[in-house]
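# Survey of secondary and tertiary structure
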Amino acid sequence: MADATGRALAHDALATLKHLALIGAVDGQAKLSCADLADRLDTSTQTASRRLQQLEERDQIDREVVSDGQWVSITEAGVKRLRSEYDAYRRIFEAAATVELAGTVTSGMGEGRHYITLPGYMAQFTELLGYEPFPGTLNVDLDEESVRERARLSGIEPVEIEGWEDDERTYGPAYCYPATVVAGDESMDETHVIAPERTHHGEDQLEVIAPVKLRDELDLADDDEVIVRVAE
Ligand code: CDP
């Protein structure tokens, strides 16, 4: 019973967030009164007011009450909640999606090797990806269209690598998307695109991990063109 109530509450909270987003509370503040909101959600004013209060308690919105209503903005946590719903719909409607990203091989600054070999990550790669990655990442400079296309990765279910910490610092969570790297007639599957859980929009480089050194396997040098095909 308690669970069912919890779920109903979560559902109401989501519906409220969605309305707030639609009236402009994602990128700024939206002005509304509880009576307006009640109208939109088809509830009583008290219920509308309680929903806003619950969202505020969960840190999903910020509010500023003024004499004739309130200014509401959705916080990062609120946007995250909406986005996970959006991602679920993407999976439903873009099932079996394939995202093809094109670009050229490039060299980084040797950071890939450092991160991939950290024990907190390596143990998870081995267990969750089923292979021990070659120590490094193949960096691909994406072409313009692929930089945009990259956003569609959110419609593909990633392998989730958890964040962890040692004595000195914390290491963030990462997503690994199953991928095939195609170079001319050759291709290599069983690779993964790896990205921090929080990827910035317009990120123009892709990093790929694999059980083998892709430069050797596919005979790749800097500036060679590759296609990275991501598919569930
Ligand atoms: O950051 P940087 O590109 O210098 O290299 P890294 O991530 O430390 O990886 C070492 C080298 O192996 C680089 O030349 C990568 O492009 C390459 N590599 C590869 O060919 N296949 C992989 N699966 C991983 C890295």
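For clarity, every value in this text was computed on a predicted model and none was experimentally measured.

### Some points on the overall build of the protein chain
A count of helices and strands for the protein chain gives eight helices and 12 strands. For 232 residues, the compact-globule estimate of 2.2 N^0.38 gives 17 Å, and the protein chain exceeds it by more than 25% at 22 Å. Counting all 232 residues of the protein chain, 38% fall into the buried class. Considering only contacts in the protein chain between residues 6 or more positions apart, those separated by 24 or more positions represent 65%. Within the structure as shown, the protein chain displays about 13600 Å² of accessible surface, and the carbon and sulfur contribution to it stands at 46%.

### Digging into the site of the ligand
With respect to spatial proximity, 16 residues lie near the ligand, and among them Gly108, Gly110, Thr137, Leu214 and Arg215 are the closest. Contacts to the ligand include Met109, whose backbone N or O atom sits 3.4 Å from an oxygen atom. Val212 is positioned with one of its backbone polar atoms (N or O) 3.0 Å from a nitrogen atom of the ligand. Burial of the ligand by the protein amounts to 88% of the accessible area it has alone, namely 520 Å². If you list the elements that add at least two residues to the shell around the ligand, you get α5 (111–116) and α8 (214–217). By residue number, the principal contributor to the shell around the ligand is α5, which donates three residues. For the shell around the ligand, the per-class residue count stands at six nonpolar, six polar and four charged.

### Remarks on the confidence of the model for the protein chain
When pLDDT is averaged along the protein chain, the result is 91; 95% of the residues meet or exceed 70. Of all helices and strands in the protein chain, the one with the weakest mean pLDDT is helix α1 (residues 2–22) (83), whereas α8 scores best (98).

### Observations regarding the sheet that holds strand β1 (residues 30–32)
Pairing between sheet strands relies on hydrogen bonds along the backbone, with the strands arranged either parallel or antiparallel. The sheet built from three strands is open, its strands ordered β1-β3-β2 with antiparallel pairing. With partners counted over all chains shown, the strands left at the sheet margins are β1 and β2 (61–66), one partner each. The sheet shows a mean angle of 25 degrees between the axes of neighbouring strands, taken without regard to direction. In the sheet, β1 pairs with strand β3 (residues 69–74) via three bridges, with the strands oriented antiparallel. By the bridge assignment, Ala30 is partnered in β3 with Val72.

### Observations regarding the environment of Asp68
Tracing the backbone through its elements, the reader meets Asp68 in the loop between β2 and β3. Of the residues examined, Asp68 reaches a relative accessible area of 51% and is grouped as exposed. Sequence separation between Asp68 and Ala8 is 60 residues, and the spatial gap between their C-alpha atoms is 30 Å. One polar contact links Asp68 to Lys31, side chain to side chain, over a distance of 3.0 Å.

### Concerning the pattern of salt bridges
Side chains that differ in sign of charge can pair as their charged atoms come close. Tallied over the entire structure, the rule returns seven salt bridges. The closest approach of N and O atoms between Asp68 and Lys31, which form a salt bridge, is 3.0 Å. With Asp68 in the loop between β2 and β3 and Lys31 in strand β1, this pair connects stretches of sequence that are 37 residues apart. Close ionic contact of Arg229 with Glu100 constitutes a salt bridge, the shortest N to O distance being 2.7 Å. Taken as a pair, Arg229 in strand β12 (residues 225–231) and Glu100 in strand β4 (residues 98–106) lie far apart in primary sequence, 129 residues in all. By relative accessible area, which is 35% here, Arg229 ends up partly exposed.

Reading the values: the criteria
- Residues numbered from 1 in each chain as written.
- Predicted model: local features only at pLDDT ≥ 70, side-chain atom pairs only at ≥ 80, totals over all residues.
- Heavy atoms only, no water.
- Helix = DSSP H or I, 4+ residues; strand = E, 2+ residues; numbered from the N terminus.
- Rg over C-alpha atoms; globule rule 2.2 N^0.38 Å.
- Buried < 20%, exposed > 50% of the residue type's maximum accessible area, 1.4 Å probe, protein only.
- Contact = heavy atoms within 4.5 Å.
- Areas by Shrake-Rupley, 256 points an atom, 1.4 Å probe, with all protein chains shown as cover.
- Near = heavy atom within 4 Å.
- Polar contact = N/O pair within 3.5 Å; in protein donor to acceptor, adjacent residues only side chain to side chain.
- Nonpolar A, V, L, I, M, F, W, Y, C, P; charged D, E, K, R; others polar.
- pLDDT = per-residue confidence, 0-100.
- Pairing = 2+ DSSP bridges.
- Axes fitted to C-alpha atoms, helices over the stretch in contact; angles between N-to-C directions.
- Salt bridge = Lys/Arg side-chain N within 4 Å of Asp/Glu carboxyl O.

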